[in-house]
Amino acid sequence: MTAALVRREANYQALTKAQQERFDQLMEHADEARSNTEYLPLMTALAALAGLPAGEIRKCGCSCVCPVIFDANDDNTHVIEETGGYNLGRVQCPTCADWHLETA
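Residues numbered from 1 in each chain as written. Predicted model: local features only at pLDDT ≥ 70, side-chain atom pairs only at ≥ 80, totals over all residues. Heavy atoms only, no water.

Chemist: How do you make sense of a negative patch on the surface when you look at a structure like this?
Modeler: A contiguous patch of negative charge on the surface is contributed by E21, D24, E28 and E32. On the secondary structure map, E28 appears in helix α1 (residues 17–32). (Patch = residues over 30% accessible without salt bridge, like charges linked within 9 Å, V, L, I, M, F, W, Y side chains within 5 Å. Areas by Shrake-Rupley, 256 points an atom, 1.4 Å probe, with all protein chains shown as cover. Salt bridge = Lys/Arg side-chain N within 4 Å of Asp/Glu carboxyl O. Lys, Arg positive; Asp, Glu negative; His and termini not counted. Charge placed at Lys NZ, Arg CZ, Asp CG, Glu CD. Helix = DSSP H or I, 4+ residues; strand = E, 2+ residues; numbered from the N terminus.)

Chemist: Looking at this structure, how should I read the pattern of salt bridges?
Modeler: This model, assessed by the stated rule, comprises three salt bridges. Close ionic contact of E102 with R90 constitutes a salt bridge, the shortest N to O distance being 3.8 Å. Here the residue E102 occupies a position in the segment after α3 (94–99), and R90 occupies one in strand β5 (residues 90–92), the gap between them amounting to twelve residues. Note on R90: relative accessible area 31%, which makes it partly exposed. Here the salt bridges do not stand alone but share partners, grouping E81, R90 and E102 into one network. (Buried < 20%, exposed > 50% of the residue type's maximum accessible area, 1.4 Å probe, protein only.)

Chemist: Help me out: how do you make sense of the state of the cysteines in this one?
Modeler: Disulfide: a covalent bond formed between the sulfur atoms of two cysteine residues. Applying the stated rule across the entire model yields zero disulfides. Not part of a disulfide, C60 finds its nearest cysteine sulfur in C62, a span of 3.5 Å. We note that C64 lacks a disulfide partner, and the nearest cysteine sulfur, in C62, lies 3.3 Å from it. (Disulfide = S-S within 2.5 Å.)

Chemist: Where do I start with the nonpolar core in this structure?
Modeler: General note: in soluble globular proteins, nonpolar side chains tend to be found buried as a group. F23, M43, L46, I57 and I69 are the most contacted members of the largest nonpolar core, which has 18 residues in total. Among the elements of the structure, α1 and α2 (36–50) are those that each provide at least two residues to this core. For this core, the element with the highest residue contribution is α2, accounting for six residues. Contact partners of L46, with chain neighbours within four places excluded, come to F23, L26, M27 and I57. Counting ten residues, the second-largest nonpolar core is a separate cluster that includes C62, V68, A72 and V91. (Core = buried A, V, L, I, M, F, W, Y, C linked by side-chain atoms within 4.5 Å. Contact = heavy atoms within 4.5 Å.)

Chemist: How do you make sense of the sheet that holds strand β1 (residues 9–11) when you look at a structure like this?
Modeler: In a beta sheet, neighbouring strands are held together by backbone hydrogen bonds and run either parallel or antiparallel to one another. The antiparallel open sheet is built from three strands, whose spatial order is β1-β3-β2. What marks the edges here is a single partner per strand, and that holds for β1 and β2 (57–59). Put simply, the sheet's adjacent strands are angled 25° from each other on average, direction ignored. The strands touched by α1 are β2 and β3 (68–71); relative to β2, the strand with the most contacts, the crossing angle is about 120°. Set on the sheet, α2 makes contact with β1, β2 and β3; between it and β2 the angle comes to about 60°. (Pairing = 2+ DSSP bridges. Axes fitted to C-alpha atoms, helices over the stretch in contact; angles between N-to-C directions.)

Chemist: How should the pairing of β3 be read in this particular structure?
Modeler: Side chains on a regular strand alternate between the two faces of the sheet. Pairing analysis gives three bridges linking β1 to β3, with the strands arranged antiparallel. Counterpart to N11 in the pairing with β3 is V68. In this structure, β2 lies alongside β3, joined through three bridges in antiparallel fashion. Bridge assignment links I57 to a residue of β3, and that residue is D71.

This is the structure:
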């Protein structure tokens, strides 16, 4: 028996309009969360909405407007900007980081 493959990325554009709106709301709440007690359940909800394993969920933040949702703790991601006083910084997905590495 082979192990099931774990999805590492999801497509934001494949979500319904209602799911996209919910995703954006959850990301905004996660960005403003004041503690892990607030933050971690939001990350879990974001992962479930995108169909990904729980993690540090982000939407690709590069200038090419990539629709990829991914776990920012992946070794191949690239931080474009630190948090700037909030919880979530801008992060590139592994593919964009490989193709066109960006800086702030």
